[in-house]
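Chain by chain, the residues:
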Amino acid sequence: MNSIQQNIEQITSQIEAIQKKCGRPRDSVQLLAVSKTKPVEAILEAANAGQVAFGENYVQEGADKVAYFNDHYPNLPLEWHFIGPIQSNKSRHVAGNFDWVHTVDRDKIAQRLNDQRPEGLPPIQVLIQVNTSGESSKSGTSDSDIFELAALISSLPNLTLRGLMSIPANVSDYQSQLVAFKQLAELKDKLAARYPELNLDTLSMGMSGDMQAAIEAGSTMVRIGTAIFGARDYSNKN
Ligand SMILES: *Cc1c(COP(=O)(O)O)cnc(C)c1O
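First things first, this report covers the structure right here in the doc.

Here is what the cut-offs are and how they apply
- Residues numbered from 1 in each chain as written.
- Predicted model: local features only at pLDDT ≥ 70, side-chain atom pairs only at ≥ 80, totals over all residues.
- Heavy atoms only, no water.
- Phe/Tyr/Trp six-rings, centres within 6.5 Å; stacked < 30°, edge-to-face > 60°.
- Axes fitted to C-alpha atoms, helices over the stretch in contact; angles between N-to-C directions.
- Helix = DSSP H or I, 4+ residues; strand = E, 2+ residues; numbered from the N terminus.
- Parallel < 35°, antiparallel > 145°, perpendicular 65-115°, else oblique.
- Left-handed = near helix turned anticlockwise from the far one by under 90°.
- Contact = heavy atoms within 4.5 Å.
- Nonpolar A, V, L, I, M, F, W, Y, C, P; charged D, E, K, R; others polar.
- Salt bridge = Lys/Arg side-chain N within 4 Å of Asp/Glu carboxyl O.
- Buried < 20%, exposed > 50% of the residue type's maximum accessible area, 1.4 Å probe, protein only.

One pair of aromatic rings is described through two measures. These are the centre distance and the angle between the planes. For the structure shown, the criterion picks out six aromatic pairs. Seen in terms of ring centroids, phenylalanine 69 and tyrosine 73 are 5.7 Å apart; in terms of plane orientation they differ by 40°. Their pairing is tilted. Following the ring pairs from residue to residue traces out a cluster consisting of Phe54, Tyr68, Phe69, Tyr73 and Trp80.

Encoded structure:
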């Protein structure tokens with residue numbers, strides 16, 4: 001089995017190769033290491049290999065890990081991204097612990113994150129989660145609500161809107177993956193045209209199974225869990 005460091009090196013060179021093949025500049029795609037369900041030892045190994053950005057899905061688990069690293073490794077320059085669904089009664093812990101939130105999908109959550117951001121911390125970097133597949137089972141706003149939500153977020157001082165995020169339907173066919181990702185990229189372009197004063201530079205899309213299509217469609221941040229840390233064990237969840 002490869003080490004976490006070897007996996008990160010492998011993914012990084014895959015990202016570079018895909019960027020090159022698609023004619024995109026070097027370093028235009030950031031790697032977000034999705035560490036949900038994984039122990040702090042695994043995160044430390046990745047951090048020692050140079051990984052900076054980590055994604056967590058569960059509020060309490062993520063908050064505990066942030067606290068652990070603040071206590072034990074205050075000099076590691078880690079960046080914490082919240083990428084799971086947000087219930088409003090848990091928003092305070094998201095606002096208090098995370099640098100980025102990818103899953104803002106409604107006004108109420110945006111308002112709460114703004115109001116609950118502790119004083120002295122920089123604004124939360126925010127992505128609007130978009131439901132590009134049109135499946136009602138997944139959370140995410142519809143296209144028509146996005147412009148309004150973007151207007152609200154950009155008016156809130158403790159939030160900085162950076163772009164869009166999606167989790168498309170899990171399909172293995174490359175063309176179908178590409179269509180869904182291009183939809184999100186077009187939506188971000190429309191949003192940027194409507195709000196030229198915002199610096200919308202981020203498209204969070206692509207996971208272990210569909211990274212190539214996401215990068216071809218313009219992803220700037222791929223969220224990779226399994227390919228770095230191995231398969232997840234959910235037996236202690238729920
Ligand atoms: C778990 C998760 C990932 C990582 O998925 P892998 O298939 O393990 O790479 C990415 N994004 C979100 C939102 C996730 O919940």
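In this section: the packing of helix H2 (residues 40-48) against helix H3 (residues 59-72). Orientation of H2 relative to H3, taken along the N-to-C sense of each, is 55°, at an axis distance of 11 Å. With respect to their mutual orientation, H2 and H3 come out oblique. Pair H2 / H3 crosses with right-handed handedness. On H3, the residues touching Val40, Ile43 and Leu44 of H2 are Lys65, Tyr68 and Phe69. When its residues are assigned to classes, the contact of H2 with H3 shows five nonpolar, no polar and one charged.

This brings us to the pattern of salt bridges. Counted under the stated rule, the structure contains five salt bridges. Here glutamate 56 and lysine 65 are joined by a salt bridge, their closest N and O atoms 2.9 Å apart. When the shortest N-O distance is used, the salt bridge between arginine 106 and aspartate 105 registers 2.9 Å. On the basis of relative accessible area, arginine 106 is assigned to the partly exposed category, the value being 34%. Take aspartate 105: its relative accessible area is 14%, and that puts it in the buried class.

The angle between the axes and the distance between the axes are what describe a pair of packed helices. One way to put it is that helix H1 (residues 4-21) packs onto H2 with a least axis distance of 9 Å and a crossing angle of 50°. By the angle between their directions, the pair H1 and H2 is classed as oblique. Two packed elements cross with a definite hand, and for H1 against H2 that hand is right-handed. Contacts between H1 and H2 involve Ile4, Gln5 and Ile8 from the former and Ala42, Glu45 and Ala46 from the latter. Among the residues making up the contact of H1 with H2, the classes are represented as four nonpolar, one polar and one charged.

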